[in-house]
Amino acid sequence: MDSNICQVYEDEIQSLKEEIKLLAEKYEDSQQESTFFSDEEILMSIKSLQRERQGESEGHGSASDLKAQLESLETHLSFLMKLTGIQFTSHSKKTLEKTRNKTVRKHRLTGNCCSLSFHLEFQLLEMQNKANVSAAITDLSIIMEPRGNSDLDKFVSSSEQRGSLLTFFRSLSSYAEWYEHRRYTFLHFKEKYPDIVTLPEGLLGDYILLRNPKTSGFELMIVWKIHIDEEGRTTPVLDLLTKVPKQVLEQKMAAIENAPAHFRSMLLLVGIEEAIENLVSVFGSER
């Protein structure tokens, strides 16, 4: 046989081998990708595509339905934000791992609850079998602003260890509600009694000072802490501290010594705002 003809056949055979190898690799890749989806998932995808095509054929009617659904979702979201005070400002996610039965995604969330801002990062592990789908949160990291409340810091650390987003958001909503209530209360009394009420740490502080303009050095400090335990239970804690000049203390020792106890009793009887109102009124009339 002519050597030239043999070379042509050899080249053709080599080319066919390379093409077969390439096709085999593509087939293996397609098989590996298809293992990510069950027959049920593929069937659901086909049905979803059929519905999309049907929606496209319906034209404006489908668009109206989608618009109505979107408006309904926006209404529900607005209601939840007003109810909880929680608003998300950004969200991103990245798939770290995906197999047929397991998916791991990393999420980043930023937002605020009233005037408190937060930033969250966590991984969501989703496991799927024929019976059900389970999900678990891992590697939860929470950053809160402003910082400085040791109770809140402990609660955040506890939430991170447990990976409990539901407890965190539920408790954050309650804490932020008291936080805002304290801020507005301090602002109210500062504006109503500017000559008596001072805010050494501003509206974000946890105490106010009452200074009697008629008696130099006579001060009362109303301390308003917001306690949150590691379980997320929130409790306001108020108390009264006194700073009294010696001459005033000698004249009204009994009344001044009993003032903190009387203030705590008033809190139980009439509530926070009315108790502070009565205290400021009496304090301002002292000579």
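Above this text you will find the structure in question.
Conventions adopted
- Residues numbered from 1 in each chain as written.
- Predicted model: local features only at pLDDT ≥ 70, side-chain atom pairs only at ≥ 80, totals over all residues.
- Heavy atoms only, no water.
- Core = buried A, V, L, I, M, F, W, Y, C linked by side-chain atoms within 4.5 Å.
- Buried < 20%, exposed > 50% of the residue type's maximum accessible area, 1.4 Å probe, protein only.
- Helix = DSSP H or I, 4+ residues; strand = E, 2+ residues; numbered from the N terminus.
- Contact = heavy atoms within 4.5 Å.
- Phe/Tyr/Trp six-rings, centres within 6.5 Å; stacked < 30°, edge-to-face > 60°.
- Lys NZ or Arg CZ within 6 Å of the ring centre and 35° of its normal.
- Salt bridge = Lys/Arg side-chain N within 4 Å of Asp/Glu carboxyl O.
- Pairing = 2+ DSSP bridges.
- Axes fitted to C-alpha atoms, helices over the stretch in contact; angles between N-to-C directions.
- Parallel < 35°, antiparallel > 145°, perpendicular 65-115°, else oblique.
- Left-handed = near helix turned anticlockwise from the far one by under 90°.
- Nonpolar A, V, L, I, M, F, W, Y, C, P; charged D, E, K, R; others polar.

### Observations regarding the nonpolar core
The nonpolar side chains of soluble globular proteins are, as a tendency, buried together.
Argument step 1. Ranked by internal contacts, the top residues of the largest apolar core, which has 45 residues, are Leu120, Met144, Phe168, Leu210, Ile222 and Phe263.
Argument step 2. If you tally residues by element for this core, the top one is helix α5 (residues 165-192), at nine residues.
Argument step 3. Once residues within four sequence positions are removed from consideration, methionine 144 is found in contact with Leu116, Ser117, Phe118, Leu152, Val156, Phe168 and Leu172.

### Here's the deal with the packing of aromatic side chains
Here a ring pair, both rings aromatic, is described through the centre-centre distance and the interplanar angle of the planes.
Argument step 1. Evaluated as defined, the whole model comprises nine aromatic pairs.
Argument step 2. Taken together, a centroid distance of 5.7 Å and an interplanar angle of 90° make the contact between phenylalanine 88 and phenylalanine 169 edge-to-face. With phenylalanine 88 in strand β1 (residues 86-98) and phenylalanine 169 in helix α5, the pair connects residues that are 81 residues apart, well separated along the chain.
Argument step 3. The exposure class assigned to phenylalanine 88 is partly exposed, which follows from its relative accessible area of 43%.
Argument step 4. Its relative accessible area of 15% is what places phenylalanine 169 among the buried residues.
Argument step 5. It is arginine 183 that lies over the ring of tyrosine 184; its NZ or CZ is 5.0 Å from the centre.

### Here's the deal with the pattern of salt bridges
Argument step 1. This model, assessed by the stated rule, comprises eleven salt bridges.
Argument step 2. A salt bridge links glutamate 97 to lysine 102, with the shortest nitrogen-to-oxygen separation between them at 3.7 Å.
Argument step 3. Judged by its relative accessible area of 27%, lysine 102 falls in the partly exposed class.
Argument step 4. Residues arginine 264 and aspartate 239 are paired through a salt bridge, measuring 2.6 Å at the closest nitrogen-oxygen approach. Linking arginine 264 in helix α7 (residues 253-270) with aspartate 239 in strand β8 (residues 234-243), this pair joins segments that are 25 residues apart in sequence.
Argument step 5. In this structure aspartate 239 comes out as partly exposed when scored by relative accessible area, which is 28%.
Argument step 6. The network of salt bridges with shared partners includes Lys106, Arg108 and Glu121.

### A look at the side chain of arginine 182
Argument step 1. Mapped onto the secondary structure, arginine 182 falls in helix α5.
Argument step 2. The residues touching arginine 182, leaving out its near neighbours within four places in the chain, are Leu204, Gly205, Asp206, Trp224, Lys225 and Ile226.

### Section: the pairing of β1
Argument step 1. Pairing of β1 with strand β2 (residues 102-113), which is carried by eleven bridges, proceeds in the antiparallel orientation. Paired with histidine 91 across the two strands is leucine 109, which belongs to β2.
Argument step 2. Where β1 hands over to β2, the hairpin turn is made up of three residues, counted between the paired strands.

### Quick look at the packing of helix α4 (residues 150-162) against α5
Argument step 1. At a minimum axis distance of 10 Å, the contact between α4 and α5 shows a crossing angle of 165°. As summarised for this structure, α4 and α5 are arranged roughly antiparallel, according to the angle between their axes. Helix-helix and strand crossings are classified by hand; for α4 and α5 the assignment is left-handed. Taking contact as the criterion, the partners of Leu152, Phe155, Val156 and Ser159 in α4 are, on α5, Thr167, Phe168, Ser171 and Tyr175.
Argument step 2. The class makeup of the residues in the contact of α4 with α5 is five nonpolar, three polar and no charged.

### Notes on the packing of α5 against helix α8 (residues 272-285)
Argument step 1. One can describe the packing of α5 onto α8 by two numbers: an axis separation of 11 Å at closest approach and a directional angle of 25°. The angle between the axes of α5 and α8 places the two elements in the roughly parallel class. For the pair α5 and α8, the crossing hand works out as right-handed. Across from Trp178, His181, Thr185, His188, Phe189 and Lys192 in α5, the residues of α8 making contact are Ile272, Glu273, Ile276 and Glu277.
Argument step 2. Here the residues of the contact of α5 with α8 sort into four nonpolar, three polar and three charged.

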